[in-house]
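Each chain, letter by letter, is given below.
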Amino acid sequence: MTESLRQSGGPAEASPEQRMPEWDGDHVHDVSTHTDTDTDIDGELGIDPAELADDDLMREMHSLHRTRLDTLRHASDSALAHHLRRTAELETEYLARNPGREVDPARLRDE
């Protein structure tokens, strides 16, 4: 189903990543190149994930995942783009800190 939506190319049928000018496939653009229109209400893009303590990093990820569906369904394109970018930043930092993270065997699939 995803392939058929992507092939038709209509803007209403494009995935959020395809509609977001800040998103380039699997690559998040450098936040230093974004304009003031990409900032939060207080003018910040958020604390650099590398500067967050482990507990704060987890709290930030919980918050983003908790609001994910609502943001996907109802937020403006710029808010969704920011959500996608921030999620990628935080998750990338988490994976960098936890390269040997515990994988639940019940979550594995037979290939």
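For the structure, check the block above.
In what follows, the accompanying structure is described. (Residues numbered from 1 in each chain as written. Predicted model: local features only at pLDDT ≥ 70, side-chain atom pairs only at ≥ 80, totals over all residues. Heavy atoms only, no water.)

1. Points about the layout of surface pockets
Turning to step 1, where the next piece is worked out: By volume, the second largest pocket amounts to about 170 Å³.
Turning to step 2, where the next piece is worked out: Around the second largest pocket, the lining residues are Met58, Met61, His62, His65, Ala88, Glu91, Thr92, Tyr94 and Leu95.
Turning to step 3, where the next piece is worked out: Those elements that provide at least two residues to the lining of the second largest pocket are helix H3 (54-74) and helix H4 (77-97).
Turning to step 4, where the next piece is worked out: Per-element tally for the lining of the second largest pocket: the top contributor is H4, with five residues.
Turning to step 5, where the next piece is worked out: Looking at the lining of the second largest pocket, its residues break down into five nonpolar, three polar and one charged. (1 Å grid on protein atoms, 1.4 Å probe; cavity = no way out; pocket = protein on both sides within 12 Å on 5 of 7 lines; lining within 4 Å. Points joined across faces, edges and corners; volume = space filled by probe spheres on them. Helix = DSSP H or I, 4+ residues; strand = E, 2+ residues; numbered from the N terminus. Nonpolar A, V, L, I, M, F, W, Y, C, P; charged D, E, K, R; others polar.)

2. Details of the pattern of salt bridges
Turning to step 1, where the next piece is worked out: Counted according to the given criterion, the structure contains five salt bridges.
Turning to step 2, where the next piece is worked out: Notably, a salt bridge pairs Asp54 with Arg97, separated by 2.6 Å at the nearest N-O pair. Of the two residues, Asp54 sits in helix H3 while Arg97 sits in helix H4, which places them 43 residues apart along the sequence.
Turning to step 3, where the next piece is worked out: Ionic pairing is found between Arg59 and Asp56, a salt bridge with its closest N-O pair at 3.3 Å. Separated by three residues within a single helix, Arg59 and Asp56 lie in helix H3, roughly one turn from each other.
Turning to step 4, where the next piece is worked out: A relative accessible area of 28% places Asp56 in the partly exposed class.
Turning to step 5, where the next piece is worked out: A single salt-bridge network, built from bridges that share partners, covers Asp54, Glu93 and Arg97. (Salt bridge = Lys/Arg side-chain N within 4 Å of Asp/Glu carboxyl O. Buried < 20%, exposed > 50% of the residue type's maximum accessible area, 1.4 Å probe, protein only.)

3. Section: the environment of Ala96
Turning to step 1, where the next piece is worked out: In this structure, Ala96 sits in helix H4.
Turning to step 2, where the next piece is worked out: Take Ala96: its relative accessible area is 56%, and that puts it in the exposed class.
Turning to step 3, where the next piece is worked out: Each C-alpha atom, one on Ala96 and one on Ala50, is 9.6 Å from the other, the two residues being 46 residues apart in sequence.

4. Thoughts on the side chain of Thr71
Turning to step 1, where the next piece is worked out: Looking at the secondary structure, you find Thr71 in helix H3.
Turning to step 2, where the next piece is worked out: Residues in contact with Thr71, not counting those within four places in the same chain, are Ala79, Leu80 and His83. (Contact = heavy atoms within 4.5 Å.)

5. Describing the nonpolar core
Turning to step 1, where the next piece is worked out: Counting five residues, the largest nonpolar core consists of Leu52, Leu57, Met61, Leu64 and Leu90.
Turning to step 2, where the next piece is worked out: Element by element, the count of residues in this core is highest for H3, at three residues.
Turning to step 3, where the next piece is worked out: Residues contacting Leu52, with those up to four places away along its chain left out, are Ile47, Leu57, Glu60, Arg86, Leu90 and Arg97. (Core = buried A, V, L, I, M, F, W, Y, C linked by side-chain atoms within 4.5 Å.)

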